[in-house]
Amino acid sequence: MASKAPTICDETANAVDAKLSEIDRELSISVITEEDTEPVLDLLKRFFFKDEPLNTYVQLGECKELEKYCTKSLGEHSSYKAVNSRGEIVGVILNGTIMKPQPGDEPPAKLADNCAHPKFRKIMALMDHVDEQFDIFELYPDIDRFLDCKIISVDTNYRGMGIAGMLTDRTLDYASRNGIKLIHVLCSSHFSARVMEKMDFNEVYRLPYADYLVNGEQVFDPEKPHVALRILTKRLDQ
C-alpha cells in the first residue's frame, strides 16, 4: 500500500509553489514619508543589514546608528518604495540631497567620530576616508548640489524583477523635476554597481578593499565579487 505521506520531491515542489504564490507581482512605486519609517526599517533589518557586503563582513548585527543613518533624510520625500498589492514594502531606495560647501562653512564632522557602535564605526571610518580622497564638487565644479543615493535594498523574494531599476528611474525623475543635475551613488556591493552601470551611471572613483589599510592592515575583505568600493554618477543635464 502506498504511503499517504508526500515524497521529498512532492514536498520540494509544494514549497516552491507556496513561495511563488507569496510573490505579489502587482507592484507600485511611491514616495516614502516619515510614516513609513518602521516598515522601511523592518525591510532593511531583514535584508540590507544582513546582505550588504561590509555589514556581512563585520557581522554588524543590530545597530541603532545605521537605523538613524538610513532614515535621516526621509523628511525630504526624495526616497521611494516598491509596494505590493498587500501593502507590503518589498524594495526601497533611500536618497538625500547634499549641498556644496560654501566659503566660511565649518568642516563637516567626521562620521566615525560620534559613532558608538564599534563595528559600524569601522564602516563610517571608511566613508570618511573616501570623503578625504575624493571631492565630487571638484570633479563637477558647476554643480551646487547633488542627490545622493544612500541605500538600495530589495526583498530577496522579489529580486530579478527589475525593482532596483524602477526605484532608480523614479529617483531620476525626482531629480529632474527638482532641478538636480547630478545623481551620486556609493556602491559597496558589486551587484548594486552593476544595476547603476546598466542605467548609464559612470564610475568616477574606485577604492579596492585590499588597498584600504589602517595601521598597515586590511580592514575589509568581503566575499567576491565584492572587491572594491565604487562611486558612480549620472548627469541629467547632458
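Residues numbered from 1 in each chain as written. Predicted model: local features only at pLDDT ≥ 70, side-chain atom pairs only at ≥ 80, totals over all residues. Heavy atoms only, no water.

- Under an unreviewed UniProt entry, the protein has the name aralkylamine N-acetyltransferase and belongs to Anopheles quadriannulatus.
- We quote the UniProt Pathway (unreviewed entry) comment for the protein here in full: "Aromatic compound metabolism; melatonin biosynthesis; melatonin from serotonin: step 1/2." (UniProt positions renumbered as here; feature names shortened; annotations may be inferred.)

## Some details on the layout of surface pockets
Consideration 1: In this structure, the second largest pocket occupies an estimated 250 Å³ of space.
Consideration 2: Contributing to the lining of the second largest pocket are Glu 65, Lys 68, Tyr 69, Lys 72, Ala 109, Lys 110, Leu 111, Asn 114, Cys 115, Phe 120 and Met 124.
Consideration 3: Of all the elements in the fold, those that place two or more residues in the lining of the second largest pocket are helix H5 (64-71) and helix H6 (118-133).
Consideration 4: With three residues, the top contributor of residues to the lining of the second largest pocket is H5.
Consideration 5: For the lining of the second largest pocket, a count of residues per class yields six nonpolar, one polar and four charged. (1 Å grid on protein atoms, 1.4 Å probe; cavity = no way out; pocket = protein on both sides within 12 Å on 5 of 7 lines; lining within 4 Å. Points joined across faces, edges and corners; volume = space filled by probe spheres on them. Helix = DSSP H or I, 4+ residues; strand = E, 2+ residues; numbered from the N terminus. Nonpolar A, V, L, I, M, F, W, Y, C, P; charged D, E, K, R; others polar.)

## Focus on the pairing of strand E2 (residues 80-83)
Consideration 1: A two-sided burial pattern is seen for E2, the buried positions comprising Tyr 80 and Ala 82 on one face and Lys 81 and Val 83 on the other.
Consideration 2: Strand direction decides the pairing type here: strand E1 (residues 28-31) and E2, joined by four bridges, are antiparallel. Within E2, the residue paired with Ser 28 across the bridge is Val 83.
Consideration 3: Pairing of E2 with strand E3 (residues 89-99) involves four bridges; the strand directions are antiparallel. The residue of E3 that forms the bridge with Ala 82 is Gly 91.
Consideration 4: The antiparallel pairing of E2 with E3 creates a hairpin that spans five residues between the two strands, and Gly 87 there sits at a positive phi of about 85°. (Buried < 20%, exposed > 50% of the residue type's maximum accessible area, 1.4 Å probe, protein only. Pairing = 2+ DSSP bridges.)

## Section: H5
Working note: α-helix, 3.6 residues per turn, so residues spaced by three or four point in the same direction.
Consideration 1: Those residues of H5 lying buried are Leu 66, Glu 67, Cys 70 and Thr 71. Seen along its axis, H5 keeps its buried residues to an arc of 120°; they face one direction. Seen from the buried face of H5, the exposed residues on the opposite side, beyond 90 degrees, are Lys 64 and Lys 68.
Consideration 2: Looking at the buried side of H5, the elements it contacts are helix H2 (37-46), helix H3 (48-51), helix H4 (53-58), E3, H6 and strand E4 (145-154). (Arc of directions from axis to C-beta. Contact = heavy atoms within 4.5 Å.)

## Some remarks on the sheet that holds strand E5 (residues 182-187)
Consideration 1: Spatially, the seven strands line up as an open sheet ordered E1-E2-E3-E4-E5-E9-E6, and their pairing is mixed. Taken across any chain shown, the strands that pair with only one partner, and hence form the sheet edges, are E1 and strand E6 (202-208). Taken pair by pair, the neighbouring strands of this sheet meet at an average axis angle of 20°, ignoring direction. (Axes fitted to C-alpha atoms, helices over the stretch in contact; angles between N-to-C directions.)

## Thoughts on the packing of H2 against H5
Consideration 1: Remark: H2 packs on H5, axes separated minimally by 11 Å, with the N-to-C direction vectors making an angle of 125°. Taken together, the axis directions place H2 and H5 in an arrangement best described as oblique. Relative to H5, H2 is oriented so that their crossing is right-handed. Here Thr 37, Leu 41, Leu 44 and Lys 45 of H2 lie close against H5, whose contacting residues are Glu 67, Cys 70 and Thr 71.
Consideration 2: In terms of residue class, the contact of H2 with H5 is built from three nonpolar, two polar and two charged. (Parallel < 35°, antiparallel > 145°, perpendicular 65-115°, else oblique. Left-handed = near helix turned anticlockwise from the far one by under 90°.)

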